[in-house]
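Each chain, written out:
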Amino acid sequence: MSDLPHAPAGSAPAVDEQRLERLLTEAQTALPVELPALADRYAAALGLDAALIYLADLQQRLLIPLDEALRPLPVDRSSAGWAYRTVSPRVVDAADGLIVWMPLIDGAERLGVLAVRTASLDAARMRRSRTLAHLFAMLISSKRAYSDWLAARTRTATMGLPAEMLRAFLPPRTIGSSKCVSTAVLEPAYDIAGDAFDHSVIKNELHTMIVDGMGHDLTAGLTTSVAMAAARNARRAGGALVDVVGRVDQALAQWLPDQFCTGVLCRLDAESGALRWVNCGHPPPLLIRDERVLAGALDSPPQPPLGLAGPLAPPSRQVHETKLEPGDCVLLYTDGVVEARDANGAEFGLDRFTDFIIRSNAAGQRPAEVLRLLIHAILDYQRNRLRDDATILLFEWRPQYQ
């Protein structure tokens, strides 16, 4: 096994540009189920032997091949998983040559990996392998929006109806730019109902949101779905943060007057580091700086939950503001995270939660990998049976990375 390309005996063959152009045209109308065969034809056009597509399952434990004849690979115990976890290529020896495991990435979102088979490897073949991975990441991202087959292929269990409805509203797990990144996870993956997250980038601003609906049924999922739709509606109309919160309040009071949810909505200026937030009856966000939690840094006076109507409705929402420093991390979470209990009834707890993130960050883990490991640790702590939905959203301000 090797992590670096081997020097080949011969140079990479020339690319048939006309054939490549025909394949690019074909890719635009190819069905998602045709992507495995298309990947092989692209590989041949680039002078490579073959290419296999693997996508991460919903819980990021397995890498599932789009070729239904092949078996999934573990994320935590395979070369393919190493490429996925680290977002770096991995080269391994195979019986008939080499396999280059290339991460499939859509912006900041990890989709899976591409296995490129080649008899030998040089700089040109490595570059073509990377190009192939970029191309198929874009193809998968464009086609998964309308493909039930791709959605079903990355599931390992039957999904409940509330979870199906809520997941239709969720954005990608990870978004970001050269200056900031936001990533989130939620469990139970197939039975989620009341929790949700949202994040979006508008010009130089990162918008994040986490909500926890009352109950754990279809109505709870509908409540959080309406909250997310109302927030997006206000954001896309150019509303300020207080307008976004007000639109959520109004929408829930109008359409679901007997329902409410707690939540935190944030807006980060990625140029200046100015952070504004509104906390509506939710656990306060946590600020991590220099590998420690700044106690109380993002606490604020209590405000009512979202969606209260009549005399219970707040006259106005208070927006709070602070200035982040480069490298700061902000954590939003629902109470199911810290209230997970082990066999003896001991809570996972806030200290264990924040310590895990600090240690993982200090070890150089990427934010998305930190949360993947953390949500698995929480599931393991409660023997894979959460009593409540558990959702975590983490965003970082890294302006020096531009």
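Residues numbered from 1 in each chain as written. Predicted model: local features only at pLDDT ≥ 70, side-chain atom pairs only at ≥ 80, totals over all residues. Heavy atoms only, no water.

An unreviewed UniProt entry annotates the chain as Serine/threonine protein phosphatase originating from Streptomyces bungoensis.

(A) Fine view of the UniProt feature "domain: PPM-type phosphatase" (unreviewed entry) in the chain. Within this numbering scheme, the UniProt entry marks residues 177-397 as carrying the feature "domain: PPM-type phosphatase" (unreviewed entry). Segment residues 177-397 splits into 30% helix and 29% strand. End C-alpha atoms: 10 Å apart. (UniProt positions renumbered as here; feature names shortened; annotations may be inferred. Helix = DSSP H or I, 4+ residues; strand = E, 2+ residues; numbered from the N terminus.)

(B) Representation of empty space enclosed by the protein in the model. The tally for this structure, following the rule as stated, stands at three cavities of 30 Å³ or more. Approximately 60 Å³ is the volume found for the largest cavity. What lines the largest cavity is Asp198, His207, Thr208, Met209, Arg235, Leu241, Val244, Leu265, Cys266 and Arg267. For the lining of the largest cavity, the class distribution of residues is five nonpolar, two polar and three charged. Estimates place the volume of the second largest cavity at around 40 Å³. In terms of lining residues, the second largest cavity is bounded by Gln60, Tyr84, Glu109, Arg110, Arg173, Thr174, Thr183, Ala184, Val185 and Ala368. Element by element, the count of residues in the lining of the second largest cavity is highest for strand β8 (residues 180-187), at three residues. Of the residues assigned to the lining of the second largest cavity, the class counts are four nonpolar, three polar and three charged. A domain-level breakdown of the lining of the second largest cavity finds at least three residues from each of domain 1 (17-152) and domain 2 (159-397). (1 Å grid on protein atoms, 1.4 Å probe; cavity = no way out; pocket = protein on both sides within 12 Å on 5 of 7 lines; lining within 4 Å. Points joined across faces, edges and corners; volume = space filled by probe spheres on them. Nonpolar A, V, L, I, M, F, W, Y, C, P; charged D, E, K, R; others polar. Domains from an automatic or database assignment.)

(C) Broad picture of the pattern of salt bridges. A complete count under the given rule lists 17 salt bridges for this structure. The closest approach of N and O atoms between Arg372 and Glu369, which form a salt bridge, is 2.8 Å. Separated by three residues within a single helix, Arg372 and Glu369 lie in helix α11 (residues 367-381), roughly one turn from each other. In this pair, the class of Arg372 matches that of Glu369, namely buried. A salt bridge links Arg398 to Glu396, with the shortest nitrogen-to-oxygen separation between them at 2.9 Å. Overlapping salt bridges bring together Asp76, Arg110, Glu369 and Arg372 as one network. (Salt bridge = Lys/Arg side-chain N within 4 Å of Asp/Glu carboxyl O. Buried < 20%, exposed > 50% of the residue type's maximum accessible area, 1.4 Å probe, protein only.)

(D) Focus on the sheet that holds strand β17 (residues 390-397). Taken together, six strands build an open sheet; the order of strands is β7-β8-β17-β16-β13-β14 and the sheet is antiparallel. The sheet terminates laterally at β7 (174-176) and β14 (292-293), the two strands that pair on one side only. Of the strands in this sheet, β7, β8 and β17 touch α11, which is tilted by about 20° from β8. (Pairing = 2+ DSSP bridges. Contact = heavy atoms within 4.5 Å. Axes fitted to C-alpha atoms, helices over the stretch in contact; angles between N-to-C directions.)

(E) Main features of the layout of surface pockets. In this structure, the largest pocket spans a volume of roughly 1100 Å³. As for the largest pocket, its lining consists of 36 residues, of which Leu58, Arg144, Ala151, Arg167 and Leu170 are closest to the centre. If you list the elements that add at least two residues to the lining of the largest pocket, you get β1 (50-56), β6 (109-118), α4 (123-143), α5 (148-153), α6 (161-167), β8 and α11. Classifying every residue of the lining of the largest pocket by side-chain character gives 20 nonpolar, six polar and ten charged. Counting contributing residues per domain, the lining of the largest pocket is built from domain 1 (17-152) and domain 2 (159-397), each supplying no fewer than three.

(F) Quick peek at the packing of aromatic side chains. Counted according to the given criterion, the structure contains four aromatic pairs. Between Tyr42 and Phe136, the aromatic rings sit 5.5 Å apart at their centres with planes inclined by 90°, giving edge-to-face as the arrangement. Taken as a pair, Tyr42 in helix α2 (residues 35-45) and Phe136 in helix α4 lie far apart in primary sequence, 94 residues in all. Overall, the relative accessible area of 0% leaves Phe136 in the buried class. Centroid distance Phe348 to Tyr381: 5.2 Å. Interplanar angle 85°. Geometry classified as edge-to-face. In this pair, Phe348 sits in the loop between α9 (335-338) and α10 (350-362) while Tyr381 sits in helix α11, placing the two residues 33 residues apart along the sequence. With respect to class, Phe348 is no different from Tyr381; both count as buried. The lysine or arginine in question, Arg90, covers the ring of Trp82, its NZ or CZ lying 4.5 Å from the ring centre. The ring of Phe348 has Arg352 lying over it, and the distance from NZ or CZ to the ring centre is 5.5 Å. (Phe/Tyr/Trp six-rings, centres within 6.5 Å; stacked < 30°, edge-to-face > 60°. Lys NZ or Arg CZ within 6 Å of the ring centre and 35° of its normal.)

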